[in-house]
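# Inside the fold
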Amino acid sequence: MELLGTAAFAVSGAVTALKKQMDVFGVCIMGLTAACGGGVLRDVLLGRVPPAMFREPVYALTAVLASLVVFLLALRRAAFMKSHLFERVLLVSDALGLGVFTAVGVDAVMDAGYGGNVFFAVFLGVITGVGGGVLRDVLAGDRPYIFVKHIYACASLLGALLCCALWRAAGEAAMLLCLLAVFAVRVLAARYRWSLPKAPSA
Amino acid sequence: MELLGTAAFAVSGAVTALKKQMDVFGVCIMGLTAACGGGVLRDVLLGRVPPAMFREPVYALTAVLASLVVFLLALRRAAFMKSHLFERVLLVSDALGLGVFTAVGVDAVMDAGYGGNVFFAVFLGVITGVGGGVLRDVLAGDRPYIFVKHIYACASLLGALLCCALWRAAGEAAMLLCLLAVFAVRVLAARYRWSLPKAPSA
Amino acid sequence: MELLGTAAFAVSGAVTALKKQMDVFGVCIMGLTAACGGGVLRDVLLGRVPPAMFREPVYALTAVLASLVVFLLALRRAAFMKSHLFERVLLVSDALGLGVFTAVGVDAVMDAGYGGNVFFAVFLGVITGVGGGVLRDVLAGDRPYIFVKHIYACASLLGALLCCALWRAAGEAAMLLCLLAVFAVRVLAARYRWSLPKAPSA
């Protein structure tokens, strides 16, 4: 499941890189950053060094492979990349990645024995979920997605809270429910363009 | 005192977010980043993980509350936000935050037993002082404040040097003197537009 | 040799700062960031805290001195800074820094006892090599150099792979060969404008 989330986020990084006219190496770096950045932040904040991405190369390899697939698609099937269907694939895979990484982040805090500190667990779940995307956007020179997109970090926050609430009762099942909640909130928010209140231009 | 500095920096983050038309969630994230970013950097560089902000939720809660107050002010008292008085409140609170965090950063190095390494203490004091602001500006897509504002990191540097010089003789009082020195230099520099030499446009 | 790499990278940071019209303090901070940023990232990811730059002030002092020299040059010899010769000095010193830091990064992983994990050694070599430059560009508000310049991170990657391949057979000599390989690939790539494939504008 974590591999799926990794691939999904790598696709989002690779697509960002293509929009910025980066070359094939840049596409891979951006895919890697989006896919593994959140996990590296999580591990550094937890004191688990070297971070998991260096200890288990399978995640980085998955991210690079997914990025290369996107690059080849852009070369061979440029029309597909602009299609409405592709937009949807991107939204769904990104929402999936957000859900998976939020759940994984909460799980990592519990595993490390900080289960009593719900605040930490929720916070690190959100950082794991959105961190890769924030790093991706900073490197690309974009305003981070979480400040722009409807209910992005919010979906992750709701999922992390749910995961912590159900942890004792449900164990592993809490992670699955978290994933589903994040996915549902994120996709519905994008579909119906939910948004949070803003102040009138200051 | 650290809570005061946290609230002061959160206000600066929230105001930045409002200028960028972010929604209420973005305002809170930017407030949190500005208020807690410097401390997280300090703790990661010191090897104190999980960082204090996760172990003591009161700081993050203070930051979020301060950010929400700013958001409500922007909704209800938009005129006040544009007033000269508000600019001054912002300057004073930011200078206070800079002083508090610089002193706290030096103190953390001393506490961790690296007191013999003055270079490290001074450096980490400055990073704790300016780190949150730098992260805030990078996330907002602005050129970091420390490269733009007159004598900002410099004020922090002077305070950190003073704090280290007086540490053995004065202990806790050194932190207070550091705070006052940073505050005074920063406010005077802003008032009289002091600036450092630049090279003619290269 | 590491001091040479530090000075070389500091020059690149200082020049970036001058182009952005920063004052003398900004020039020093950018020099420091470019010169020491990669090493700090490496040490945090390896769990070696406080990072080497805080334990051995000589590197930071070298970086600040090199930055001040650049600043003085810009004041006194503005014409030289725009000359073709200076461009070349910059390219050569930057390529040298990239080579040195890549080799040092691989060496640090080996030293820390993770020699069996070639993936980690290569990855951290590249992060050490390009990290300072990426931080420099993010702070300056530029698109990171590694996404723009021909064969920059690629040169570092090739060198890191070579270094790992020769490590058992050659020991210290592997580091020297890595340095030479990175330097040669980077300079040749800049000279002959080698570039990697891009997708047609998406």
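Above this text you will find the structure in question.
Residues numbered from 1 in each chain as written. Chains lettered and ligands numbered in written order. Predicted model: local features only at pLDDT ≥ 70, side-chain atom pairs only at ≥ 80, totals over all residues. Heavy atoms only, no water.

Before going further, it helps to spend a moment on the relation of the copies chain B and chain A. Mapping chain B onto chain A calls for a rotation angle of 120° and an axial translation of 0.0 Å; the resulting RMSD is 0.0 Å. The relationship between the two copies is best expressed as a three-fold rotation axis. (Least-squares fit on C-alpha atoms with pLDDT ≥ 70 in both.)

Mapping chain C onto chain A calls for a rotation angle of 120° and an axial translation of 0.0 Å; the resulting RMSD is 0.0 Å. Of all interface residues in chain C, a mere 8% are interface residues in chain A too; the two copies therefore contact each other through different surfaces. (Contact = heavy atoms within 4.5 Å.)

All names here are of chain A. The end-to-end C-alpha distance of helix α7 (residues 118-140), which contains 23 residues, comes to 33 Å, matching closely the 33 Å that a straight helix rising 1.5 Å per residue would cover. Where α7 bends most, at Val-130, the angle is about 45°. Following α7 by one or two positions, Gly-141 adopts a phi angle in the positive range, close to 80°. (Helix = DSSP H or I, 4+ residues; strand = E, 2+ residues; numbered from the N terminus. Expected span 1.5 Å × (residues − 1). Bend = angle between axes of the 7 residues up to and from the residue.)

With that settled, the discussion passes to the interface of chain C and chain A. Taken together, the 26 residues of chain C in the interface contact 28 residues of chain A. Carbon and sulfur atoms make up 77% of the area that chain C and chain A hide from each other, which totals about 2400 Å². Where chain C meets chain A, there are zero salt bridges. Put simply, the parts of the chain that give the side of chain C that touches chain A at least two residues each are α2 (24-46), α7 (118-140) and α8 (153-170) of chain C. With six residues, α7 of chain C is the largest single contributor of residues to the side of chain C that touches chain A. Here the residues of the side of chain C that touches chain A sort into 21 nonpolar, three polar and two charged. (Buried area = accessible area lost by both parts, 1.4 Å probe. Salt bridge = Lys/Arg side-chain N within 4 Å of Asp/Glu carboxyl O. Nonpolar A, V, L, I, M, F, W, Y, C, P; charged D, E, K, R; others polar.)

This part covers the packing of helix α2 (residues 24-46) of chain A against α7 of chain A. Packed helix pairs are characterised by how far apart their axes lie and by the angle those axes make with each other. Residue and element names in this part refer to chain A. Taken N-terminus to C-terminus, the directions of α2 and α7 make an angle of 145°; their axes are 7 Å apart at the nearest point. With respect to the hand of their crossing, α2 and α7 are arranged in right-handed fashion. Here α2 contributes Met-30, Thr-33, Ala-34, Gly-37, Gly-38, Gly-39, Leu-41, Arg-42, Leu-45 and Leu-46 to the contact with α7, which in turn contributes Phe-120, Leu-124, Ile-127, Thr-128, Gly-131, Gly-132, Gly-133, Leu-135, Arg-136, Leu-139 and Ala-140. In the contact of α2 with α7, the residues fall into eleven nonpolar, eight polar and two charged. (Axes fitted to C-alpha atoms, helices over the stretch in contact; angles between N-to-C directions. Left-handed = near helix turned anticlockwise from the far one by under 90°.)

Attention shifts here to the packing of aromatic side chains. Inspection of the entire model under this criterion finds 16 aromatic pairs over all chains. Seen in terms of ring centroids, Phe-120 of chain A and Phe-54 of chain B are 4.9 Å apart; in terms of plane orientation they differ by 35°. Their pairing is tilted. In this pair, Phe-120 of chain A sits in helix α7 while Phe-54 of chain B sits in helix α3 (residues 52-55), so the two residues belong to two different chains. Given the relative accessible area of 1%, Phe-54 of chain B is considered buried. Both rings, one in Tyr-114 of chain B and one in Phe-120 of chain B, keep their centres 5.5 Å apart while their planes meet at 75°; by these two values the pair is edge-to-face. Residue Tyr-114 of chain B is classed as partly exposed on the basis of its relative accessible area, which comes to 28%. Above the plane of the ring of Tyr-192 of chain B lies Arg-191 of chain B, whose end atom (NZ or CZ) is 5.1 Å from the centre. (Phe/Tyr/Trp six-rings, centres within 6.5 Å; stacked < 30°, edge-to-face > 60°. Buried < 20%, exposed > 50% of the residue type's maximum accessible area, 1.4 Å probe, protein only. Lys NZ or Arg CZ within 6 Å of the ring centre and 35° of its normal.)

In this section: a nonpolar patch on the surface. Among the surface-exposed residues, Met-1, Leu-162, Leu-176, Leu-177 and Leu-180 of chain A lie close enough to one another that they form a single nonpolar patch of about 450 Å² accessible area. With respect to the helices, strands and loops of the structure, Leu-176 of chain A is situated in helix α9 (residues 172-192). (Patch = residues over 30% accessible without salt bridge, like charges linked within 9 Å, V, L, I, M, F, W, Y side chains within 5 Å. Areas by Shrake-Rupley, 256 points an atom, 1.4 Å probe, with all protein chains shown as cover.)

Taken together, the 28 residues of chain B in the interface contact 26 residues of chain A. In this assembly, chain B and chain A are joined by zero salt bridges. Here chain B and chain A share two residue pairs in polar contact (both at pLDDT 80 or more) between them. At the level of secondary structure, the elements contributing two or more residues to the side of chain B that touches chain A comprise α2 (24-46), α3, α4 (58-76) and α7 (118-140) of chain B. With eight residues, α2 of chain B is the largest single contributor of residues to the side of chain B that touches chain A. Grouping the amino acids of the side of chain B that touches chain A by side-chain chemistry returns 22 nonpolar, two polar and four charged. (Polar contact = N/O pair within 3.5 Å; in protein donor to acceptor, adjacent residues only side chain to side chain.)

Let us now look at the pattern of salt bridges. Between side chains of opposite charge, a pair can form as their charged atoms come close. Scanning the model with the defined rule gives twelve salt bridges over all chains in all. The shortest N-O distance in the salt bridge between Asp-43 of chain A and Arg-48 of chain A comes to 2.9 Å. Arg-48 of chain A sits in the partly exposed class, given a relative accessible area of 29%. The partner of Asp-142 of chain B in a salt bridge is Lys-20 of chain B, with the nearest N and O atoms 2.7 Å apart. Within this pair, whereas Asp-142 of chain B is found in the loop between α7 and α8 (153-170), its partner Lys-20 of chain B is found in the loop between α1 (2-19) and α2, the two being separated by 122 residues in sequence. Overall, the relative accessible area of 29% leaves Asp-142 of chain B in the partly exposed class. Through salt bridges with shared partners, one network takes in Arg-42, Asp-43 and Arg-48 of chain A.

Let us now look at the packing of α7 of chain A against helix α8 (residues 153-170) of chain A. Residue and element names in this part refer to chain A. Running from N to C, α7 and α8 cross one another at 140°; their axes reach a closest spacing of 9 Å. Between α7 and α8, the crossing angle belongs to the class labelled oblique. Read as a crossing pair, α7 and α8 show a hand that is right-handed. Contacts between α7 and α8 involve Val-118, Ala-121, Val-122, Gly-125, Val-126 and Val-130 from the former and Ala-153, Ser-156, Leu-157, Ala-160, Leu-161 and Cys-164 from the latter. Looking at the contact of α7 with α8, its residues break down into ten nonpolar, two polar and no charged. (Parallel < 35°, antiparallel > 145°, perpendicular 65-115°, else oblique.)

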